[in-house]
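# Topology and contacts: notes
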Amino acid sequence: QVQLVESGGGLVQAGGSLRLSCAASGRTFSPNAMSWFRQAPGKEREYVARISWSIGSTYYADSVKGRFTISRDNAKNAMYLQMNSLKPEDTAVYYCSARKYYSGDPLEYDYWGQGTQVTVSS
């Protein structure tokens, strides 16, 4: 059973930075990919970034491209999201996720963390 735990959220002023972490349980952990999603109050869940686990290919939503960087440490079963130049519209609960396989649906994931709050003030 895979468990994911996010950390690193908090309150930051516009233009500031935060680094989110996601730790996965298990001595052996080899998902197809891991992603960050976010959800603001009253809004739909939004895809933020994805990283393939084997070779570390990265992908970003247009809204965060150039500002956020996703990375992973396979040996530590960990994933990170470095968020720079934060904007008030980045305010949301951020969720770590992992998928065992690619089902053909780019938004389908198997495991989710509990979420960490990111608040960006203006």
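The structure contained in this document is the topic of the report that follows.

About the criteria used
Residues numbered from 1 in each chain as written. Predicted model: local features only at pLDDT ≥ 70, side-chain atom pairs only at ≥ 80, totals over all residues. Heavy atoms only, no water. Helix = DSSP H or I, 4+ residues; strand = E, 2+ residues; numbered from the N terminus. Buried < 20%, exposed > 50% of the residue type's maximum accessible area, 1.4 Å probe, protein only. Lys, Arg positive; Asp, Glu negative; His and termini not counted. Salt bridge = Lys/Arg side-chain N within 4 Å of Asp/Glu carboxyl O. Polar contact = N/O pair within 3.5 Å; in protein donor to acceptor, adjacent residues only side chain to side chain. Contact = heavy atoms within 4.5 Å. Pairing = 2+ DSSP bridges. Disulfide = S-S within 2.5 Å.

### Looking at the side chain of glutamate 6
Locating glutamate 6 in the fold gives a position in strand E1 (residues 4–7). No salt bridge is formed by the buried glutamate 6. Its closest oppositely charged neighbour is arginine 45, at 11 Å. Side-chain polar atoms of glutamate 6 contact the backbone nitrogen of cysteine 96, separated by 2.7 Å. Of the polar contacts made by the side chain of glutamate 6, one reaches the backbone nitrogen of glutamine 114; its length is 2.9 Å.

### Details of the environment of tyrosine 94
Mapping tyrosine 94 onto the fold places it in strand E9 (residues 92–99). The spatial distance from the C-alpha of tyrosine 94 to the C-alpha of leucine 18 is 12 Å, given a sequence separation of 76 residues. When sequence neighbours within four positions are dropped, the list of residues in contact with tyrosine 94 reads Glu6, Leu20, Trp36, Phe37, Arg38, Val48, Phe68, Leu81, Met83, Gly115, Thr116 and Val118. Looking at tyrosine 94, its side chain comes within polar contact range of the side chain of arginine 38, at 2.8 Å.

### Here we look at the pairing of E9
Within E9, six of the eight residues are buried, leaving the element largely enclosed by the surrounding structure. Note that strand E4 (residues 33–39) and E9 share seven bridges and pair antiparallel. Paired with arginine 38 across the two strands is tyrosine 94, which belongs to E9. Relative to strand E11 (residues 116–121), E9 is paired through three bridges, and the arrangement is antiparallel. When the sheet's bridge partners are listed, alanine 92 is paired in E11 with valine 118. With two bridges connecting them, E9 and strand E10 (residues 111–112) associate as antiparallel partners. Note on E10: the bridge partner recorded for alanine 98 is tyrosine 111.

### Quick look at the state of the cysteines
Working definition of a disulfide: a covalent bond connecting the sulfur atoms of two cysteines. According to the stated counting rule, one finds one disulfide in the structure shown. Sulfur-sulfur distance for the disulfide between cysteine 22 and cysteine 96 comes to 1.9 Å. Between cysteine 22 and cysteine 96, the S-S dihedral sits near -70°, and the bridge is therefore left-handed. Taken together, the positions of cysteine 22 in strand E3 (residues 18–24) and cysteine 96 in strand E9 put the pair 74 residues apart, joining distant regions of the chain.

Treat this as a map of the structure, not an account of what it does.
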